[in-house]
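Tertiary structure, described
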Amino acid sequence: VMTAIPQTTNGPATLHASAQTLRQALSQLPLIAILRGLTPEEAPAIGQALVEHGFSIIEVPLNSPQPLLSIAALARQFPNTLIGAGTVLTPQQVREVHAAGGRLVVAPNFNPTVVAEALALGMVVLPGIATATEAFAALEAGAHGLKLFPAEMISPTAVKALRAVLPSDTALLPVGGITPDTLQTYRHAGATGFGLGSALYARGNAASQVSDNARAFVKAIRG
């Protein structure tokens, strides 16, 4: 049963509300769908294929065709799903995603101005980090969780080492090359969840293919 994910609004409770939104979404299914290359025409069918399998977090990278239109379409169709953008590099892009109805900002890097803008707009923000220095700086800036990127460079052993020093409730989300076969090794090392790219959706995939891929990932995370 899908639980409504609370909408966040500006105000003193914004940070807490956004953190709660992320926790709730990850507790439903700790997988983020990364739909790089998605077109607005494909968005409804691909979104439906994911939501039917329990996905509660979907990002459309901004280097996709007309990403703001896809985000707007998904946000309208799935109001209880945490929808937003990936590859967000500037505060201006944060504002554009927010205006399109997005509530999630994911970046490949840690840029304090991007984090600050997302927090000011009551959005969930997941900057990309690869080192302990970046991780602690991002958390100090207010990041709700950490995208470990690229995961191909960050072994499960390194995830375990980071987990040992970071606050215990930090959401650690490896992204990059994650497959149903590699997922559990990272999970056992302390990963909270995962961002899923081309192994879940690649440009031009039919909704039926995405549905099959989603089923495989859900089985792997719950296995």
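Please read these numbers as outputs of a predicted model, since none were measured by experiment.

Here M153 is to be found in the loop between β7 (146–148) and α7 (156–165). Exposure remark for M153: the relative accessible area of 65% places this residue in the exposed category.

We now examine the sheet that holds strand β1 (residues 31–34). Whenever strands of a sheet pair, they do so through backbone hydrogen bonds, lying parallel or antiparallel. Spatial strand order, β5-β4-β3-β2-β1-β9: six strands in an open sheet with parallel pairing. In the strand order of this sheet, the two ends are held by β5 (124–126) and β9 (194–196), each with one partner. Neighbour-to-neighbour, the strand axes of the sheet open up by a mean angle of 25 degrees, direction not taken into account.

Moving on, we come to the sheet that holds β7. Pairing is parallel in the open sheet, where three strands are placed in the order β6-β7-β8. Bordering the open sheet on either side are β6 (128–129) and β8 (172–174), each of which pairs with just one other strand. Note that β7 and β8 share three bridges and pair parallel. Looking at the pairing, L146 lines up with L172 of β8.

Two elements in contact, helix α2 (residues 43–52) and helix α3 (residues 67–77), have axes separated by 9 Å at closest approach and are oriented at 50 degrees. By the angle class used here, α2 and α3 are oblique. Along this stretch, α2 crosses α3, giving a crossing that reads as right-handed. Mapping the contact onto sequence places A43, P44, G47 and Q48 in α2 and S70, L74 and Q77 in α3. Partitioned by chemical class, the residues of the contact of α2 with α3 number three nonpolar, four polar and no charged.

This brings us to the packing of α2 against helix α9 (residues 207–222). Axis separation between α2 and α9 bottoms out at 9 Å; the angle between their running directions is 25 degrees. By the angle between their directions, the pair α2 and α9 is classed as roughly parallel. Here α2 runs over α9; the crossing is right-handed. Residues A45, I46, A49 and L50 of α2 touch α9, and the partners they reach there are A207, V210, S211 and A214.

What follows deals with the packing of aromatic side chains. Inspection of the entire model under this criterion finds one aromatic pair. Aromatic side chains Y186 and F194 sit 6.5 Å apart centroid to centroid with 80 degrees between the ring planes, which places their arrangement in the edge-to-face category. When sorted by exposure, Y186 lands in the same class as F194, which is buried. When the ring centre of F149 is taken as reference, the NZ or CZ atom of K147 above it lies at 4.6 Å.

Looking at the element boundaries, R103 is found in the loop between α4 (91–99) and β4 (104–106). Buried R103, no salt bridge; nearest opposite-charge side chain is E59, N-O distance 15 Å.

For strand β3 (residues 82–86), the buried fraction is high: five of the five residues fall into the buried class. Where strand β2 (residues 57–61) meets β3, five bridges bridge the pair, whose relative direction is parallel. Bridged to I58 within β3 is I83. The parallel pair β2 and β3, bridged by α3, forms a crossover whose chirality is right-handed. Handedness of the crossover joining β3 and β4 through α4: right-handed.

The final tally for this structure, using the stated rule, is two salt bridges. For R95, the salt bridge identified is with E117, shortest N-O distance 3.4 Å. Here R95 is found in helix α4, whereas its partner E117 is found in helix α5 (residues 112–120), with 22 residues between them in sequence.

Per-residue pLDDT for the protein has a mean of 94; in total, 93% of the residues score no lower than 70. Here residues 1–9 is modelled with pLDDT under 50, and outside its nearest four sequence neighbours on either side it reaches 31 contacts, counting other chains as well.

Let's shift gears to α5. Within the sequence span of α5, burial applies to V114, V115, E117 and A118. Around the axis of α5, the buried residues are gathered within 165 degrees of arc, so they sit on the same side. Along its buried surface, α5 packs onto α4, β4, β5 and α6 (132–141). Two residues or fewer past α5, G122 is found with a positive phi of approximately 75 degrees.

How each quantity is defined
Residues numbered from 1 in each chain as written. Predicted model: local features only at pLDDT ≥ 70, side-chain atom pairs only at ≥ 80, totals over all residues. Heavy atoms only, no water. Helix = DSSP H or I, 4+ residues; strand = E, 2+ residues; numbered from the N terminus. Buried < 20%, exposed > 50% of the residue type's maximum accessible area, 1.4 Å probe, protein only. Pairing = 2+ DSSP bridges. Axes fitted to C-alpha atoms, helices over the stretch in contact; angles between N-to-C directions. Parallel < 35°, antiparallel > 145°, perpendicular 65-115°, else oblique. Left-handed = near helix turned anticlockwise from the far one by under 90°. Contact = heavy atoms within 4.5 Å. Nonpolar A, V, L, I, M, F, W, Y, C, P; charged D, E, K, R; others polar. Phe/Tyr/Trp six-rings, centres within 6.5 Å; stacked < 30°, edge-to-face > 60°. Lys NZ or Arg CZ within 6 Å of the ring centre and 35° of its normal. Lys, Arg positive; Asp, Glu negative; His and termini not counted. Salt bridge = Lys/Arg side-chain N within 4 Å of Asp/Glu carboxyl O. Right-handed = clockwise from strand over helix to strand, strands pointing away. pLDDT = per-residue confidence, 0-100. Arc of directions from axis to C-beta.

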